[in-house]
Every structure is written in structure tokens, then in C-alpha cells.
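Here are the chains, one letter per residue:
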Amino acid sequence: NRPLRNFLTIAVAALLLTSVGSSWADDTSAGWTYRLTPYLWLPTIDGSLKYSLPPGSGGSPEISVGPTDWLDLINAGLLVSGSASKGRFTIYSDLVYLSMTSKNDGRVLSVDDTVTVPGTRIPIPISADLNLDTRTDLDGLAWTLLAGYELASSETSSVSAFVGARYFGVDVSSSWDLTAEITVPGSGVVLPAQGQIGSDVDLWDALIGVRGRFDLGEGRWAGLYHLDVGAGDSDLTWNAMAGVSYAYGWGDLALAYRHLAYDQASDKLMQDFSFSGPGVGATFRFD
């Protein structure tokens with residue numbers, strides 16, 4: 001499957017970049033610090049998928065996905081982030097692979113008919129009463145690479161601006177079960193009562209944003225935040241995180257809430273798509 005192939009390619013590239021980066025750090029001088037954060041993120045998914053079919057193959061259905069409880073969504077996942085810093089400069093990367101299933105509250109929203117007006121998409125709404133069951137399986141891989149510069153810092157806080165890019169690859173399939181076929185008078189069936197369809201997409205988007213931290217009182221607690229926005233293959237993508245961390249001798253333990261959103265053009269696969277939920281992670285420091 002495409003996301004898995006992309007994941008393997010990115011993993012190899014990341015290992016090579018890590019090796020090169022380590023050699024560069026050794027060749028320059030001391031002063032680099034590294035952070036590695038394996039984490040667990042439990043998002044719900046929300047949005048709709050607008051499938052495009054080849055000409056002459058019938059209507060193109062739009063299917064809603066979620067939101068639903070994350071315990072029913074997650075099949076598998078791999079989540080890790082890391083950074084390398086020297087002075088005010090930081091290179092940051094984040095890798096998320098999620099395999100999810102939405103099967104409790106998805107439904108077919110509409111189907112685009114190109115029969116009654118050839119070459120023109122006419123959306124035909126489908127009532128919730130016609131839906132018996134709709135299931136969507138989603139495999140997604142997101143890889144973010146950022147370069148940041150610390151704008152301001154003190155003993156209790158710091159804030160950095162960054163630029164970079166994010167890749168998002170998704171492979172989805174949906175099956176539906178309706179109480180009746182969707183037909184157009186004189187033109188036959190536009191969407192059968194039962195069916196299955198799949199699609200995939202690869203998105204590259206440029207990003208800009210800000211991230212930082214600040215102490216909470218005089219103890220070991222701190223606040224964390226991250227915000228990025230971007231566009232490219234997507235009309236808009238944005239990613240926001242806010243949380244708290246507690247410092248230990250080896251690193252930090254953090255609890256946060258994260259929202260990742262994507263929106264493509266009205267004729268593309270992903271429509272107002274988002275992943276939202278809590279997460280927990282442990283950051284290990286290497287100096």
C-alpha cells in the first residue's frame with residue numbers, strides 16, 4: 001500500500017539524514033543538543049471524502065467520516081518526533097503513521113450525477129434515512145520537516161519561528177449499504193444500494209509557524225504550544241498543539257491536545273478533514 005511504501009522511503013531518508021547530521025555535528029564543534037520524543041496520539045477523525053470515478057462508471061459519492069470515539073478508530077500507529085539544536089537554530093521533524101477505521105457514524109452524503117447534464121457534476125443529496133451502514137478504512141502518513149530560529153528567550157520562556165514542509169499521504173476505502181438504489185429518471189442507476197470504492201492522494205505543503213514554551217511557576221511544570229499553517233497541494237492545512245510538561249533529569253513528560261486539518265479543492269478527495277485528540281509523550285535529551 002502506498003502510505004506504507006512512502007513510510008519505508010522516508011524512514012530510510014531519515015536514517016541517512018541523521019547519519020549526515022551527526023557527522024556534521026562532530027566535524028563542527030560541541031554545542032549541539034538533541035531531542036527524541038516517542039508519543040501516543042489518540043485522535044478522532046472528521047470530514048468527508050469526495051471520490052472521483054472514471055468517466056462512464058456512474059456517480060461519484062461523497063462520504064462523511066466521523067467523528068467517533070478514538071478507541072474505535074485506531075488499528076495501528078507509529079508516532080515520533082525529534083530535533084537537533086545549536087544556538088538559536090533548530091531542525092525539527094515529526095513522523096505520524098496511523099491506520100484507522102470509522103464505522104459507527106459515517107454515511108453517504110451525496111452522489112454527483114453527470115448523466116442528466118453531460119460533463120457537469122450535479123450533486124444529489126442522500127438522506128440519512130437511506131443509510132444502513134458506511135465504513136471507511138484510512139491509512140495515513142504525515143512527515144513534517146522544519147527549520148526554526150529562536151526569536152526571543154529568557155530564563156522562563158522561549159519562542160521560535162520556523163519554515164518547512166509537510167508530506168501527507170493517505171490511502172482510503174469506503175463501503176456503503178443503502179436501503180435503495182440512487183437513480184435518475186430515464187437514466188438508470190447512479191449509485192447502487194451497496195458498493196465499495198477506494199482512492200489515494202499524496203500532498204506536499206509549505207509551512208510557516210511558531211512554537212515555544214514557558215515555565216509555570218518556579219517548579220518543573222511548563223506550558224508548550226505549536227502552530228503552523230500552510231498550502232500547496234492542499235488549499236489549506238494547519239496544525240495546532242497546546243499542552244503541559246513536567247521536567248525530569250532525563251527529559252520531559254508531556255500531555256497535550258493536537259488538531260491537524262486538511263482541506264482540498266471542492267472536486268478533490270479530502271473535504272474539511274481533521275484529526276483531533278489528546279496525546280502523551282516522553283522527550284529524551286542528548287547533549
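These figures come from a predicted structure and were not determined experimentally. For every chain, the first residue of its written sequence is number 1, and the numbers climb from 1 along that sequence. The predicted origin of the model limits local features to residues at a pLDDT of at least 70 and limits the giving and counting of side-chain atom pairs to 80 or more, whereas totals for whole chains, interfaces and linings rest on all residues. Working from all heavy atoms in the structure, the side-chain values ignore hydrogens and water.

Moving on to the overall build of the protein chain. Only runs of H or I of at least four residues qualify as helices and only runs of E of at least two qualify as strands under DSSP, and these elements are numbered from the N terminus. Within the protein chain, the secondary structure is distributed over one helix and 16 strands. Exposed residues in this analysis have more than 50% of their type's maximum accessible area, buried residues have under 20%, and partly exposed residues fall in between, with area computed by a 1.4 Å probe over protein chains only. The buried share among the 287 residues of the protein chain stands at 41%. Should any heavy atoms of two residues lie within 4.5 Å, those residues are considered in contact. Considering only contacts within the protein chain whose residues lie at least 6 apart along the sequence, 64% involve residues at least 24 apart. The Shrake-Rupley method, run with a 1.4 Å probe, gives the accessible areas here. Residue values count only the displayed protein chains as cover. When the accessible surface of the protein chain is totalled, it reaches about 14300 Å², and 60% of it is carbon and sulfur.

Turning next to the packing of aromatic side chains. For Phe, Tyr and Trp, rings pair up if their centres lie within 6.5 Å, where Trp contributes its six-membered ring, and each pair is then called stacked (planes under 30 degrees apart), edge-to-face (over 60) or tilted (otherwise). The full count for this structure, using the stated rule, is ten aromatic pairs. Summarising the aromatic geometry, the rings of Tyr-246 and Tyr-248 are spaced 5.1 Å apart at their centres and angled 65° between planes, so their arrangement reads as edge-to-face. A residue is classified by how much of its surface remains accessible, and Tyr-248, at 35% relative accessible area, is partly exposed. Between Tyr-248 and Trp-250, the aromatic rings sit 5.3 Å apart at their centres with planes inclined by 5°, giving stacked as the arrangement. Through a chain of ring-to-ring contacts, the aromatic side chains of Trp-221, Tyr-246, Tyr-248, Trp-250 and Phe-284 assemble into a single cluster. To sit over a ring, a charge needs its Lys NZ or Arg CZ within 6 Å of the ring centre and within 35 degrees of the ring normal. When the ring centre of Tyr-92 is taken as origin, the NZ or CZ atom of Arg-211, which lies over that ring, is 4.2 Å away.

Attention now goes to the nonpolar core. The nonpolar core is taken to be a set of buried Ala, Val, Leu, Ile, Met, Phe, Trp, Tyr and Cys residues, with the residues joined through side-chain atoms within 4.5 Å. With 35 residues, the main nonpolar core has Trp-41, Phe-168, Leu-191, Met-270 and Phe-275 as its most contacted residues. With five residues, strand 9 (residues 157-178) is the largest single contributor of residues to this core. Dropping the residues within four chain positions of it, Trp-41 is found in contact with Leu-79, Val-96, Leu-98, Arg-258, Leu-260, Phe-275, Ser-276, Gly-277, Pro-278 and Gly-279.

Just to be clear on terms, a salt bridge is a Lys or Arg side-chain nitrogen sitting within 4 Å of an Asp or Glu carboxyl oxygen. Under the counting rule described, the total for this entry stands at six salt bridges. For Arg-35, the salt bridge goes to Asp-287, with nearest N and O atoms at 3.9 Å. Placement of the pair is Arg-35 in strand 1 (residues 33-41) and Asp-287 in the segment after strand 16 (270-286), with a sequence separation of 252 residues. Two residues, Arg-135 and Asp-137, come together in a salt bridge whose shortest N-O distance is 3.2 Å. Judged by relative accessible area, Asp-137 falls into the partly exposed class, the value being 26%.

Of all residues in the protein chain, 84% have pLDDT values of 70 or greater, and the mean over the chain is 84. pLDDT measures how confident the predictor is about each residue, on a scale from 0 to 100. Here residues 22-28 scores under 50 on pLDDT; set against residues more than four positions off or in separate chains, the count is four contacts.

Only when DSSP finds a minimum of two bridges between them are two strands counted as paired. Taken together, the eleven bridges between strand 12 (residues 194-215) and strand 13 (residues 221-232) define a ladder with antiparallel strand orientation. Considered in strand 13, the bridge of Phe-214 is made with Gly-223. Here strand 12 folds back onto strand 13 in antiparallel fashion, the turn holding five residues, of which Gly-217 has a positive phi close to 80°. Where strand 13 meets strand 14 (residues 236-247), ten bridges bridge the pair, whose relative direction is antiparallel. Bridging across to strand 14, Gly-223 finds its partner in Val-244.

The next point concerns the side chain of Ser-83. For Ser-83, the position within the fold is in strand 4 (residues 74-86). Ser-83 has contacts with Thr-33, Tyr-34, Arg-35, Thr-90, Ile-91 and Tyr-92, leaving out every residue within four places of it along the chain.

Turning our attention to the side chain of Asn-239. Inspection of the secondary structure assignment puts Asn-239 in strand 14. Of note is the side chain of Asn-239, whose polar atom sits 3.1 Å from the side chain of Arg-258. The residues contacting Asn-239, other than those within four sequence positions of it, are Arg-166, His-226, Leu-227, Asp-228, Arg-258, His-259 and Leu-260. We call two N or O atoms a polar contact when they sit within 3.5 Å, provided that within protein one can donate a hydrogen and the other can accept it, with sequence-adjacent residues counted only if both atoms are side-chain atoms.

The next point concerns unusual backbone geometry. One non-glycine residue, Asp-272, adopts positive backbone phi at about 45°. Secondary-structure assignment places Asp-272 in strand 16. Judged by its relative accessible area of 57%, Asp-272 falls in the exposed class.

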